[in-house]
Amino acid sequence: MRDLRVKLKAAKEFVGFNGENSAWKTLFPNKKSGDGYHNVYSASEIRNAKLRLQNIDPNSLNLTESLPPIINCRMAKGGVGKTTICGGVASALSMLGYKVLMIDGDPQASLTGLFGINWAKEDITHVGSLMQAHSRKENIDIASAVFPLYEDHMLDLIASDISLANTDSWLMGVTNREFVFKKFLDANISFFSQYDVILIDSAPSTNLLTNAFMCSCSKILAVVWLDGQSLKAMQVLAANVNELNEAFHNSGFHLDVHIVANGYHPSYATCKEALSTLISSYQSKLNDNVIPHATSFMRQVELFKEEDSGTVLEREPNSTAARSIIDLAKSLIKEYDLKISGIRVI
């Protein structure tokens, strides 16, 4: 279990509080009295404070069974920072009070490693195994496949390993295979409805599993590194989305794209040109936040002590990189209409 807690200034921002200190203390009735400046706040405490700020008792909430929004981080090539965006946004959303489930959908298991889990040593049940067991009508325990990362299940992970690459071999023989993952979610709605949002880190290749992930959501979060090859990959992804829309439009399926520009450096002419191209080609689908090229992102993964790896919000919370991820997460709350236990929190 990872122990991410933030200080007073960050906690007030995450709660959305700008009142007096006396009112702030009422949002944390179980917090020890003393100098609030030196207190630290967990994701679950921030969640409860946000609800109390709306005059809602966190203990009186009744969980309704409905699938949460899915943020599927996707691109048709690797090396674009997709895992960094997925893990960073998940961490930030959790600290903003949302219960988050991450699914590592890439056999390279980069998201799994980002959170300090060594897939070669851990006993991992990945999403491919869960889907296959469901398709065979076997009893499955999804909770046993979950790695709880933040307390009170504010951030959970269904991890991955290299054997996830075998998923396409059995999907080949499944009828209506593009919607196998969606059926898996629907059949286990009582489990997935405990979360406010699901984030998927999809593999860069276009295959049956990545198509199944895309057919489970309404909007892809496309991460585009600001270079020529990534712009071409964005065209490939857009074509893939159009193919799925054309194939399944009679069933009411429609998939959209929301784009995040990543790796901007003001001194690189290629970055400026690529960003200009994105704006001219996809302006209505482009997020207003541009993620900078920052060394803080490169320091997220520890080479020799993997368990110490973590998102930029965990490792360097005061950095420019962390600020950009927080701002992106806030914008995605609106873009995907995220709610806390079914309640839209301002």
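Above this text sits the structure in question.
Residues numbered from 1 in each chain as written. Predicted model: local features only at pLDDT ≥ 70, side-chain atom pairs only at ≥ 80, totals over all residues. Heavy atoms only, no water.

Caption draft 1: Broad picture of the overall build of the chain. From N to C terminus, the chain includes 15 helices and eight strands. A compact globule built from 346 residues should have a C-alpha radius of gyration of about 20 Å, and the chain, at 20 Å, falls within 12% of that. Projected onto the principal axes, the alpha-carbon positions of the chain cover approximately 60 × 55 × 45 Å. A burial count over the chain gives 51% of its 346 residues as buried. Contacts spanning at least 24 positions in sequence make up 78% of the contacts within the chain whose residues lie at least 6 apart. Approximately 16,100 Å² of the chain is accessible, and the part contributed by carbon and sulfur atoms is 48%. In the chain, which carries 33 positive and 37 negative side-chain charges, the distance between the mean positions of the two groups comes to 5 Å. (Helix = DSSP H or I, 4+ residues; strand = E, 2+ residues; numbered from the N terminus. Rg over C-alpha atoms; globule rule 2.2 N^0.38 Å. Buried < 20%, exposed > 50% of the residue type's maximum accessible area, 1.4 Å probe, protein only. Contact = heavy atoms within 4.5 Å. Areas by Shrake-Rupley, 256 points an atom, 1.4 Å probe, with all protein chains shown as cover. Lys, Arg positive; Asp, Glu negative; His and termini not counted. Charge placed at Lys NZ, Arg CZ, Asp CG, Glu CD.)

Caption draft 2: Molecular detail of the packing of aromatic side chains. According to the stated counting rule, one finds 12 aromatic pairs in the structure shown. Feature note: the residues Phe 181, Phe 184, Phe 191, Phe 192, Tyr 195 and Phe 213 constitute an aromatic cluster, connected by ring pairs. The ring of Trp 24 carries the charged tip of Lys 12 above its face, separated from the ring centre by 5.9 Å. Across from the ring centre of Tyr 41, 4.7 Å away, lies the NZ or CZ of Lys 31, which sits over that ring. (Phe/Tyr/Trp six-rings, centres within 6.5 Å; stacked < 30°, edge-to-face > 60°. Lys NZ or Arg CZ within 6 Å of the ring centre and 35° of its normal.)

Caption draft 3: Representation of the nonpolar core in the model. Residues Leu 93 and Phe 181 are the most contacted members of the largest nonpolar core, which totals 116 residues. The element best represented in this core is helix H15 (residues 320-335), accounting for eight residues. Apart from the residues lying within four places of it in its own chain, the contact partners of Leu 93 are Ile 71, Tyr 98, Val 100, Val 197, Leu 199, Ala 329, Ile 333 and Leu 338. (Core = buried A, V, L, I, M, F, W, Y, C linked by side-chain atoms within 4.5 Å.)

Caption draft 4: Summary view of the sheet that holds strand E1 (residues 70-74). Taken together, the eight strands give an open sheet; going across it, the order is E3-E4-E2-E5-E1-E6-E7-E8, and neighbouring strands pair in mixed fashion. The outermost strands of the open sheet, each flanked by one partner alone, are strand E3 (146-150) and strand E8 (291-292). Pairing between strand E6 (residues 219-225) and strand E7 (residues 256-264): seven bridges, direction parallel. Bridge pairing in E7 places Val 224 opposite Ala 261. The sheet strands contacting helix H4 (residues 82-95) are E1, strand E2 (100-105), E3, strand E4 (155-158), strand E5 (197-202), E6, E7 and E8, and the helix crosses E5 at an angle near 165°. Against the sheet, helix H11 (residues 228-248) engages E1, E6 and E7, with an angle of about 165° to E6. (Pairing = 2+ DSSP bridges. Axes fitted to C-alpha atoms, helices over the stretch in contact; angles between N-to-C directions.)

Caption draft 5: Seen up close, the pattern of salt bridges. Throughout the structure, instances matching the rule amount to 17 salt bridges. With a shortest N-O distance of 2.7 Å, Arg 2 and Glu 314 are connected by a salt bridge. With Arg 2 in the segment before helix H1 (8-15) and Glu 314 in helix H14 (residues 312-315), this pair connects stretches of sequence that are 312 residues apart. Owing to a relative accessible area of 19%, Arg 2 belongs among the buried residues under this scheme. When the shortest N-O distance is used, the salt bridge between Arg 5 and Glu 151 registers 3.3 Å. Taken together, the residues span a long stretch of sequence, with Arg 5 in the segment before H1 and Glu 151 in the loop between E3 and E4 at a distance of 146 residues. Given a relative accessible area of 33%, Arg 5 falls into the partly exposed group. Under the relative-accessibility criterion, Glu 151 is labelled partly exposed at 30%. Beyond isolated ion pairs, a larger network of salt bridges with shared partners links Glu 13, Arg 323, Asp 327 and Lys 330. (Salt bridge = Lys/Arg side-chain N within 4 Å of Asp/Glu carboxyl O.)

Caption draft 6: Expanded view of the side chain of Ser 42. Along the chain, Ser 42 falls in the loop between helix H2 (21-26) and helix H3 (43-53). Taking the relative accessible area as the measure of exposure, Ser 42 reaches 2% and is therefore buried. Apart from the residues within four sequence positions on either side, Ser 42 is in contact with Leu 4, Arg 5, Met 95 and Glu 151.

Caption draft 7: Layout of the pairing of E4. Residues of E4 alternate between two faces, with Leu 155 and Leu 157 on one and Asp 156 and Ile 158 on the opposite face, all of them buried. Summarising the sheet, E2 and E4 pair through four bridges and their orientation is parallel. Pairing of Leu 101 across the sheet is with Asp 156, part of E4. Looking at chain direction, E3 and E4 are connected through four bridges and run antiparallel. Bridging from a neighbouring strand, Pro 148 pairs with Asp 156 of E4.

Caption draft 8: Quick look at the pairing of E3. By the criterion of burial, E3 is predominantly enclosed, with four of the five residues buried. Hairpin remark: E3 followed by E4, antiparallel, with four residues in the connecting loop; positive phi at Asp 152, about 60°.

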